[in-house]
Structure formats: structure tokens, C-alpha cells
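Notes for the structure review
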Amino acid sequence: MTSASSVVRADPQVERTRAHQRAWGWYDWANSAYVTTTGTVLISPYLTALAREDACPGLASGAVCAEDLSILGVPIAVGSLAPYTITFATIVSALVLIFVGAVADRHPRPTWLLGGLAWAGATAASLMFFLQGSNWQLGVALVVIANLCFGASTVVYDALLNRVAHPDDRDKVSSRAWALGYLGGGLLLVINLGVMQLYENLGISYEMAIRLSLLSAGLWWAGFTLIPVLGLRRIRGTTAVPVARSAGIVGGTLAQLGDTFREVRNYPQTLMFLLAYLFFNDGIQTVISSASLYGIEALGFETSQMIITILVVQFVAFGGALLFGAIAGRVGAKRTVLGGIVMWTLVVTFAYFVPRGAFTTWLVCAVLIGTVMGGTQALSRSLYSQLVPQGRESEFFSFYQAMERGTSWFGTLAFGLMFQLTGSYRPAILITIVFFVIGGLILLRVRVREGIAAAGNEQPRIV
């Protein structure tokens, strides 16, 4: 066995400076461009268009293609390609991230690992510029790679919160970073939507406008990742438990995973928080993913109106994350997240009663979603950071990310089943309240200070 002195342990006082915290937060700004421009708005419809061109050449845009694609001999409907691709990428991420987290805990330079994963994902995102004609196969591969690298880099990034922020500062630091991400993602989306609206004035085709927008998201992600990588370059070493020198990173990783799965029951409050997060985050993700469908099909809005809705949510979420961070500084993250869950149930109820065609009322709903969305997610991250044991931050954050990716289909499945049973999207949207209620009730039972003590962490002033 190696001695504890042979493991490089960084001085947390050196790392917990405002400069480190600001540099850390810029990764939210960097990756949100990909999430917003590519993941939320462009890639699904564009991938569908490429597949339609392959299966039904010359078919008008928006028309239904009766032909199927063939993937390994399995027939796939054109309209199902994008959601199936994202589902596959999500499942792969959920399986891989736990291993990535354990590797990150043993990596001597975690910020270089963050940069490597981010730049690999950004390269895949930038290569989407070459998607044209009918080469949807390349699109599927790039989406899987980019999403996997995004999730893996986020595991490393989230775990670094423990290295750059004192327990009393994590709510504020996490909230500011999340707000910065919404601002950056919204800014690039506005620019790209402008390019897509003015493509004729720019002397390019609409397809080229989309491809340039996809490229911009990848370049944005890659370029701004330099700020956290360079700004946190002094963070070296690992706080992971020493293992036999001969094991190396891979052997140490497998040994650590084995120990973790055996010992995870020693952290019941951490596990209970993860269970609560499973439910209320599933409700959040279902509302986010179903909002456009609900607005178009149930309320009769145009696609352009839904784009406006996305922008409103994006920019309001900037202020919402800061607001929730300030509230948490007074009453604690747990109480603030619980308040956010209550707000989510009220927002969903409000959306249920929005009259068809009442776009102004719908925008009020969008403002409410933006207010509560960023804050709830940012504080969930910082609250969880208090409950993870030292030396296994990345590994436990991989559980956090895997929980989000591996179970995020529960809510959408319930949404789809409710629509199938009732034939209406209004009762379908109400089903998400069940996830908020269950998640909130479980979170109420989490004894945060007991969980912090079990993890061996310093107690913050307010939780």
C-alpha cells in the first residue's frame, strides 16, 4: 500500500479563492451553448430532416415520410430517429459516468481531465457542421459522442465545486455559475436565431445557417473551456483514498468502485437525497422537455412563439438562479429547494389552466418556470456537494449525473401514458405534480447535517 503522504493533496485554502470560483463557473457558460443551441433547439429537427432526405428523397419539409430507416436490420421510423438517438446516448452516459467519476477521483490533474473531455465533446459538436444531405449516420455518432463527453465533463466539473468553495459558499458559487450558464446559452441562441432569420441577407442558405449555428455551439464550448482549465491549473493531486501503487489509475478505479458499492449504505442520507432528486428532477425534466409539445398541441401556439418562450425562460432563469442563491444564503439550500418544488407544482397547475391561444398568459408561465428552474437545479448541486465523502467527489457526482440521465424517462413515460389514456395533454402535464410531491416528501426526510457528518465533511453555517 502507498502511504498517505505519497498521495498529492491540495491545500483547500489555496483553491478557495474568488479567482478560482469565477474560473470554475465559466464552464457553465461554456457548455450551456451546446445544451441550448444544439441540444434543445436544432439537432433533433435537423437530424430528422437528414433522415427524411435519405428515406424519402425530395419529400417536402414537414411532410410525413412513410419509409423506415434501417439500423442493424431494425426498422426505425424517420420521426423516431432523434429521440431514439438521445435515449441511447442517455443510457450509455448513465452506464459510463460512474466509471469516469472514479477515474476523475484518482486523476492527478482533474482540470486537464475536464478540459480533455470537454474538448472531445466540443470537437464532436463542431463536426456537426459537416452534416448535410442524408448523412444522418454521422449525426447519430456525433450526438452520442458529444452527449457522453458533456456528461463526463460535467461529473468532473461538479466535483470541483468541493475544491473551490467552502461549504458556506457553495450555494452562492453554484447559483452564480448556473446563472452564467443560462446567460451564455441564451446569448448564443439569440445570435444563431438571428442568423437563421437573416440567412438570405447574409447570402447563405437556410441549411448553411443551421450548420454554422451548430459549429458556433461547438467552438463556443471549446473556447470558453480554456477559462476554467487555465484558471484552475493549480488544482492538482487527489484526495482519494490511497490504493496499491501497482494498481495504477485503472486498477485503483476498479478498487474504489468496489469499495464504494460496498460502503454506500453507510451514507443513508446521501442515498435518500439521491432518491428525492430522482423524483423531483424527473418532474423538472419532463416539464422542460414537454413544454413545447404542450404549447403547440394543447394551446395552439406557433413554433416561432415557442422559440420566444425558450428565450424568455433562458434569460429569466439567469435572475432566478441568483435569487434562489440569495434566499439559500438566509434560510438554507434544503428549505429553498423545497420551496422551489412547491413553486413547480403551482407552475404546472397554472399551465393546466392557460386558455388555448392565450400567449401572454403563457409567457407569464414561462417567467415562472425560468424563475424556479435555474435556482432549484443549482441548489440541488450545491446541497448534494455537502453530502459526498471526501476523496470520492467525482464518483458520487457520477451517481448524481447517472441518476438524472438513467431515470429521466420515467416522467416522460408517465406523460405519454396519461395522454394515451385521456387523449389530452392537459391531464398529461398534471401528472408531473406526482413527481414533485414524492420528491419533496422524501427530501423533507433528509437529515442534511447528519449526512454531512457521515460523509466526514465540515458543517456549513446554514443548510
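What you see as residue numbers is a count from 1 along each chain, following the sequence as written. Only residues with pLDDT of at least 70 get local features here, since the model is predicted, and only at 80 or more are side-chain atom pairs given and counted; chain-wide, interface and lining totals rely on the full set of residues. Values shown for side chains rest on all heavy atoms present in the structure; no hydrogens or waters enter the calculation.

Whether two aromatic rings pair depends on their centres lying within 6.5 Å, for rings of Phe, Tyr and Trp, where Trp uses its six-membered ring; planes under 30 degrees apart make the pair stacked, over 60 edge-to-face, and the rest tilted. As enumerated under the stated definition, the model contains 27 aromatic pairs in all. A ring pair is formed by Phe279 and Phe435, whose centres lie 6.5 Å apart and whose planes are at 35°; its orientation type is tilted. Of this pair, Phe279 sits in helix α9 (residues 268-298) while Phe435 sits in helix α16 (residues 432-445), placing them 156 residues apart in sequence. The cut-offs for exposure are 20% and 50% of the maximum accessible area for each residue type, with area from a 1.4 Å probe on protein chains only; residues under the lower value are buried, those over the upper are exposed, and the others partly exposed. Its relative accessible area of 11% is what places Phe435 among the buried residues. Each member of the aromatic cluster is reached from another via a ring pair, and the members are Phe273, Tyr277, Phe280, Tyr384, Phe397 and Tyr400. By definition here, charges over rings are those cases where NZ of Lys or CZ of Arg is within 6 Å of the ring centre and within 35 degrees of the ring normal. Note that Arg211 overlies the ring of Phe129, its terminal NZ or CZ placed 4.4 Å from the centroid. Numbered from the N terminus, helices here are DSSP runs of H or I no shorter than four residues, and strands are runs of E no shorter than two.

The set of buried Ala, Val, Leu, Ile, Met, Phe, Trp, Tyr and Cys residues whose side-chain atoms join them within 4.5 Å is what this entry labels a nonpolar core. By size, the foremost hydrophobic cluster in this structure holds 64 residues, and its most contacted members are Phe273, Phe280, Trp362, Tyr384 and Leu443. Of the residues forming this core, the biggest block, 11 residues, is contributed by helix α12 (residues 359-385). Membership of the second largest hydrophobic core comes to 57 residues, among which are Tyr46, Val143, Ala177 and Leu193.

On to the pattern of salt bridges, then. We define a salt bridge as a side-chain nitrogen of Lys or Arg found within 4 Å of a carboxyl oxygen belonging to Asp or Glu. If you walk through the whole model with that rule in mind, you get three salt bridges. Close ionic contact of Arg381 with Asp28 constitutes a salt bridge, the shortest N to O distance being 3.2 Å. Here the residue Arg381 occupies a position in helix α12, and Asp28 occupies one in helix α2 (residues 18-55), the gap between them amounting to 353 residues. The class of Arg381 is buried, set by a relative accessible area of 2%. Asp28 gets classed as buried once you look at its relative accessible area, which sits at 8%. Of the charged contacts in the structure, one is a salt bridge between Asp158 and Arg381, with a shortest N-O distance of 3.2 Å. Here Asp158 is found in helix α5 (residues 136-164), whereas its partner Arg381 is found in helix α12, with 223 residues between them in sequence. The two residues Asp158 and Arg381 agree in class, both being buried. Taken together, the shared-partner salt bridges in this structure form one network comprising Asp28, Asp158 and Arg381.

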